[in-house]
Amino acid sequence: MASVVTSPAHGHSDHGENVNYLIAKRGLMSWIYTLDHKRIGVMYLIAVTASFLLGGIFALLVRAELFTAGRTIMDADTYNHMFSLHGVVMVFLFIIPSIPAAMGNIILPVQLGTKDVAFPRLNLLSFYIYVFGACFGVYSMVHGGVDTGWTFYVPYSSSDPALGGVGTASSVLPMTFAAFIMGFSSILTGVNFIATVHKMRAPGMTWRRMPLFIWALYATSIIQVLATPVLAITLVLLMAERFLSLGIFDPRLGGDPVLYQHFFWFYSHPAVYIMIVPGMGVVSEIIATFARRSIVGYMFVAMSSLGLALVGFLVWGHHLFVAGQSEYAVMVFSALTFLVAIPSGVKVFNWVATLYRGSISFESPMLWALSFLFMFTIGGLTGLFLGMVAVDVHLHDTYFVVAHFHYVMVGGTVMAFVGGLHYWWPKITGKMYEERPAKIGWALVFIGFNQTFITQFVLGSRGMPRRYYDYLPEFQQIHQLSTIGSWILGAGFLVLMFNFLGSLLKGKRAPRNPWGSCALEWQTTSPPPLYNFVHDPVVTRGPYDYHLATEEELSTGWDEIKDDHK
Ligand code: HEM
Ligand SMILES: [Cu+2]
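Residues numbered from 1 in each chain as written. Chains lettered and ligands numbered in written order. Predicted model: local features only at pLDDT ≥ 70, side-chain atom pairs only at ≥ 80, totals over all residues. Heavy atoms only, no water.

Visitor: Got a minute to help me understand a nonpolar patch on the surface in this structure?
Guide: On the surface, a nonpolar cluster with roughly 520 Å² of combined accessible area is contributed by L494, F498, L501, L504 and L505. With respect to the secondary-structure elements, L504 resides in helix α15 (residues 476-506). L504 gets classed as partly exposed once you look at its relative accessible area, which sits at 41%. (Patch = residues over 30% accessible without salt bridge, like charges linked within 9 Å, V, L, I, M, F, W, Y side chains within 5 Å. Areas by Shrake-Rupley, 256 points an atom, 1.4 Å probe, with all protein chains shown as cover. Salt bridge = Lys/Arg side-chain N within 4 Å of Asp/Glu carboxyl O. Helix = DSSP H or I, 4+ residues; strand = E, 2+ residues; numbered from the N terminus. Buried < 20%, exposed > 50% of the residue type's maximum accessible area, 1.4 Å probe, protein only.)

Visitor: It is not clear to me how the coordination of the copper ion (ligand 2) should be interpreted in this structure. Could you clarify?
Guide: Put simply, a metal with four donors set out as a tetrahedron has ideal angles of 109.5 degrees, and one with six donors set out as an octahedron has ideal angles of 90 or 180 degrees. Surrounding the copper ion (ligand 2) are the protein donor atoms H269 (ND1), H318 (NE2) and H319 (NE2), which sit 1.9 to 2.0 Å from the metal. Taken in chain order, the donor set of the copper ion (ligand 2) reads H-x48-H-H. Placement of the pair is H269 in helix α7 (residues 257-290) and H318 in the loop between α8 (298-311) and α9 (327-339), with a sequence separation of 49 residues. (Donors = N, O, S within 2.8 Å, 3.2 Å for Na, K, Ca; no water.)

Visitor: Explanation requested: empty space enclosed by the protein in the structure shown.
Guide: In this approach the atoms are scanned with a rolling probe the size of a water molecule, which exposes any empty space left behind. Under the definition given, this model contains 2 cavities of 30 Å³ or more. Size it by volume and the largest cavity reaches roughly 140 Å³. As for the largest cavity, its lining consists of 17 residues, and the residues nearest its centre are F92, I96, P97, M182 and S186. Those elements giving two or more residues to the lining of the largest cavity turn out to be α3 (76-112), α5 (172-199) and α6 (212-244). By residue number, the principal contributor to the lining of the largest cavity is α5, which donates 6 residues. Here the residues of the lining of the largest cavity are counted per class, giving 11 nonpolar, 6 polar and no charged. In this model, the second largest cavity occupies a volume close to 30 Å³. At the level of secondary structure, the elements contributing two or more residues to the lining of the second largest cavity comprise α3 and α13 (399-429). Ranked by residues supplied to the lining of the second largest cavity, first place goes to α3 with 3 residues. Each residue belonging to the lining of the second largest cavity can be placed in one class, and the counts come to 6 nonpolar, no polar and 2 charged. (1 Å grid on protein atoms, 1.4 Å probe; cavity = no way out; pocket = protein on both sides within 12 Å on 5 of 7 lines; lining within 4 Å. Points joined across faces, edges and corners; volume = space filled by probe spheres on them. Nonpolar A, V, L, I, M, F, W, Y, C, P; charged D, E, K, R; others polar.)

Visitor: Got a minute to help me understand the packing of aromatic side chains in this structure?
Guide: Within a pair of aromatic rings, the relevant descriptors are the distance that separates the centres and the angle that separates the planes. Going through the model one piece at a time under the given rule, you end up with 43 aromatic pairs. With centroids separated by 5.7 Å and ring planes inclined at 55°, the aromatic side chains of Y44 and Y130 adopt a geometry described as tilted. Here Y44 is found in helix α2 (residues 37-65), whereas its partner Y130 is found in helix α4 (residues 120-142), with 86 residues between them in sequence. Considered together, Y44 and Y130 belong to a single accessibility category, that of buried residues. Between Y407 and F449 the ring centres are 4.8 Å apart and the planes differ by 70°, which places this aromatic pair in the edge-to-face class. Here Y407, found in helix α13, pairs with F449, found in helix α14 (residues 435-461); they are 42 residues apart in sequence, far enough to count as distant. According to the relative accessible area criterion, F449 is buried, its value standing at 0%. Among the aromatic residues, ring-to-ring pairing joins F92, W150, Y153, F249, Y260, F263, F264 and W265 into one connected group. Here R39 stacks its cationic end above the ring of W31, 4.3 Å away from the centre of that ring. (Phe/Tyr/Trp six-rings, centres within 6.5 Å; stacked < 30°, edge-to-face > 60°. Lys NZ or Arg CZ within 6 Å of the ring centre and 35° of its normal.)

In structure tokens, the structure reads:
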């Protein structure tokens, strides 16, 4: 892949650029004003991890309240705020930026064999726009937050009682403004990645030699740039209606509430691919490394990311099957929804085909990738249930829907996020983590997650509605199983978090290529130098061509740092 050229990286004489990026420059200011994509990625990583913890606390509170019918720990109004904040924080503050803006920022330029993204200043700006938006979110939370659900459906969210309206008095304006602002961070990250992929690939890295993680980020960036403006205008109209009583969505004022749902889901369905496609890219990287072979059907897998991006724009109407659409529209959206199964199936089948006859090793990154495979398949297949109109009429707005999207968002994206973190952690930090607690954490998360959400499929198919504070006594036992599952899940994430903290404090130094992978990011030091490579790489083969890789490229590099471990 990277037959190493002899000349030092052009334009750079050795002023500390070959020192790893974490220590190349010192002091808080060197982080606040950094233009280094890796440092910007690390700052995103800290922010999205904090958001995940906050969203997770809201989730545990929601689950705790559902432990018994009637009041358990909070009243109904607080419950509405809790699940709404859980959804808003998990979607806008955590999952949308999680893999693209955090991991993508750190890894994409290294995998492309280049020094940075196309627009470093824009990259830093996109981070501060995210922070700026998040501040409005926190402001809203401090002022009670919202009780509208994460979808901000109208007229409940757009009709302010303080202005003679009939909707919620909760802190909607700052929260919708937060989502509006953070959308621009997502758009700018997308623009940056598209320009970088087109213009900054290392010599020899043709499109057919690009890692699948980058294909996934490229497809995701297209969605971010095209779909996010629709959310922006939808939220502007909502804010204008709430503030000025304009009558766009509120039927009392001559508006149409279903129009809002069309606008909202025209963004939010493609947005689920912003959430899942990067995770699919991570899984391709991990499976190739731990099965020690090239991904079967490489180009099909690459194209299926673009396929998902395309089909994703055509199916938003499946969220409105029971919102009074015409039978014809419902039929068309249902048929289109089934198309989604094709690119998703291409990925799943090719991952399984790659594992078949692979020489598989089960280090913890691989456990997360295999968990993704299992749980994303459940999430995907139950999506087909909901795409079938006759079934959706029964299951819409029940816990079956909640379980479905958690199998995709947590069983899929979060597993890929945590898997990617375990996979690239040695590269990002220069430290190894303990494998035993990593595996214990994985087992707790795997068991806890399935117990929390498989039970919710049962609840939903028996008619338990979502967003309900109270429920019939017949549902209590299953809810209790689900809540206990969420405690196991929470404990698992804590074990993982402390294992990573332990690694930062006293972990063994990581070698260049601990997994013996032949992908490009493992051909530079751990952590990488400021401009990623001491010598500019030239690409001569595909990212997973183990049969073409040299021994040096496959070597782990432990011998290079053995003195450090004496
Ligand atoms: C990690 C553990 C998690 C647990 C235990 C959990 C639990 C729950 C529960 C019980 C609900 C339903 C509340 C109700 O309808 O009354 C819910 C809703 C939701 N969850 Fe999670 N969740 C978790 C993680 C996530 C993640 C990672 C995401 C990221 C996308 C997410 C997104 C959502 C959304 C969007 C809703 C809908 C909120 C609404 O109805 O407005 N959850 N979650
Ligand atoms: Cu959808």
